[in-house]
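Here's the letter readout for the chains.
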Amino acid sequence: MQDRHHVVVVGGGFGGLQLVNGLAGAPVRITLIDRRNHHLFQPLLYQVATTLIATSEIAWPIRNLYRDRPEVTTLLGEVTGVDAGARTVTLKGGQAIGYDTLVLATGATHAYFGHDEWEPVAPGLKTLEDATTIRRRVLLAFEQAELEEDPVIRQALLTFTVIGAGPTGVELAGIIAEMAHRTLPSEFRRIDTRQARVILVEAGPRILAAFSEDLAEYARRELERLGVEVRTGTPVTACTAQGVTIGETFVASRTLVWAAGVQASPAARWLGIAEDRAGRAILGADLKAPGHDDIFVIGDTASVTYDGGKPVPGIAPAAKQQGAYVAKVIRARLSGAKQPGDFRYRHQGSLATIGRRAAIIDFGRFKMKGALAWWIWGIAHIYFLIGTRSRFAVAWSWFWTYLSGQHSARLITQKETVREKD
């Protein structure tokens, strides 16, 4: 097998896994490298952060996924650079891995627009660690408010600010508000959790810019019905442990969550090619790195356009389509068959939830909102989960929450609990 064409895939997200799956049965050996040992279903990460589901329900060990694929080698490591001349990638420990074809599917992280000092007080949501950090801070805020005698500090503890009103921000704000106003009131004695404030801040003129205006307005009304304060048209100018400054107005808020932007991995800099403002590698429609016929870039790391110049969105379906396309190109190269034409993105629609009983769906000409949209959103997400056990577990968690209003994963863990109590 060592003499087979060696495909190195950096990143075990949606694009990377789709590529590996698309090469099943091809005459290749594959090395899949990721900084974490698991594949994460990011669209449901906010539900871990807001106590709806457990971490194990949306993450799966990569090694286990490919236990029956002997041609796939999984490495737990962090890539720090690419030597295109030598055809190697370098790991953090100094080890070099050679390749015949390289696919960079290295994803993105949250971006603070030049204010990285905000990250410790306003964590973003890209990893399981991020989700459990946010969950811990939200739950601790209620616990600390129960102990607090000073009414000013208590209200600051009960004020939650979500910065950025894309789908993730809207979904986070809606669930936090629902938890405060409907799930927790009967469990606390010294505070009324219904007095909690949930503030959603968007620098742009409206929330959910990727959706049509009528659906975005519906989402805004639903958020306000849940008790969320929606503030648009004014950017956040400061984040501290004491609160957030929106424009020139300071709001005492001890729990901040960042959902305002993303920054791509440094893959473009590794290759010395052009990048956009978010750090994504600027590519042509063949998804090849310019000047490198044996290197492809896919997913959140890639900046590609479609349909007259619109950017391909950084969402899971786009990454999966790109992974499938590159797998077809590699297969065609190896077999000597005609290679597929340029990559064409097929937009499958945008979805977002507002609380646990409403959602919006935008498929272009077809739009839907309300409870039925929520059920369709749920069925779509359960379908794309890996494994019967995960599908059953998530479906049961949602069904129980829908009927009872109770969240199933309200556990405070990790050492920060001890430190903050001391």
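The structure presented is a predicted model; accordingly, all values stated were derived computationally and were not measured. (Residues numbered from 1 in each chain as written. Predicted model: local features only at pLDDT ≥ 70, side-chain atom pairs only at ≥ 80, totals over all residues. Heavy atoms only, no water.)

Engineer: Help me get a handle on the packing of aromatic side chains, residues and values and all.
Structural biologist: A complete count under the given rule lists eleven aromatic pairs for this structure. Consider the rings of Tyr-325 and Phe-343, whose centres lie 5.7 Å apart with planes at 65°: the pair is edge-to-face. Placement of Tyr-325 in helix H9 (residues 316-335) and of Phe-343 in the loop between H9 and strand S24 (350-353) is noted, with a sequence separation of 18 residues between them. Judged by relative accessible area, Tyr-325 falls into the buried class, the value being 10%. Of the residues examined, Phe-343 reaches a relative accessible area of 8% and is grouped as buried. Site record: aromatic cluster; members linked through ring pairs are Tyr-112, Phe-113, Trp-118 and Trp-258. (Phe/Tyr/Trp six-rings, centres within 6.5 Å; stacked < 30°, edge-to-face > 60°. Helix = DSSP H or I, 4+ residues; strand = E, 2+ residues; numbered from the N terminus. Buried < 20%, exposed > 50% of the residue type's maximum accessible area, 1.4 Å probe, protein only.)

Engineer: Describe helix H7 (residues 213-226), with residues and values.
Structural biologist: Between its terminal C-alpha atoms H7 stretches 20 Å, which fits the 20 Å expected from 14 residues at 1.5 Å a residue. Listed in full, the buried residues belonging to H7 are Leu-215, Ala-216, Tyr-218, Ala-219, Glu-222, Leu-223 and Leu-226. Buried positions in H7, seen along its axis, are confined to an arc of 155° and lie on one side of it. Looking at the buried side of H7, the elements it contacts are helix H6 (167-183), strand S12 (197-202), strand S13 (228-232), strand S25 (359-362) and strand S26 (367-370). One or two residues past the end of H7 sits Gly-227, with phi positive at roughly 105°. (Expected span 1.5 Å × (residues − 1). Arc of directions from axis to C-beta. Contact = heavy atoms within 4.5 Å.)

Engineer: Can you tell me about the nonpolar core, naming the residues and giving the values?
Structural biologist: Within soluble globular proteins, side chains that are nonpolar generally end up buried alongside one another. One finds Leu-44, Ile-58, Phe-142, Leu-200, Ile-207, Leu-208 and Ile-360 to be the most contacted residues of the largest nonpolar core, which totals 68 residues. Residue contributions to this core peak at eight residues, all from H6. Residues from two domains meet in this core; each of domain 1 (5-35 + 77-107 + 265-335) and domain 2 (113-260) gives at least three. Counting residues in each nonpolar core, the second largest holds 51 residues, with Leu-32, Val-72, Leu-104 and Ala-302 among its members. (Core = buried A, V, L, I, M, F, W, Y, C linked by side-chain atoms within 4.5 Å. Domains from an automatic or database assignment.)

Engineer: An account of the packing of helix H1 (residues 14-22) against H9 is requested, with residue identities and associated values reported.
Structural biologist: Orientation of H1 relative to H9, taken along the N-to-C sense of each, is 35°, at an axis distance of 7 Å. Seen along the crossing, H1 lies across H9 with a hand that is right-handed. Residues Phe-14, Gly-15, Gln-18, Leu-19 and Gly-22 of H1 form the contact with H9, whose participating residues are Ala-316, Ala-319, Lys-320, Gly-323, Ala-324, Val-326, Ala-327, Ile-330 and Arg-331. The residue inventory of the contact of H1 with H9, partitioned by class, reads eight nonpolar, four polar and two charged. (Axes fitted to C-alpha atoms, helices over the stretch in contact; angles between N-to-C directions. Left-handed = near helix turned anticlockwise from the far one by under 90°. Nonpolar A, V, L, I, M, F, W, Y, C, P; charged D, E, K, R; others polar.)

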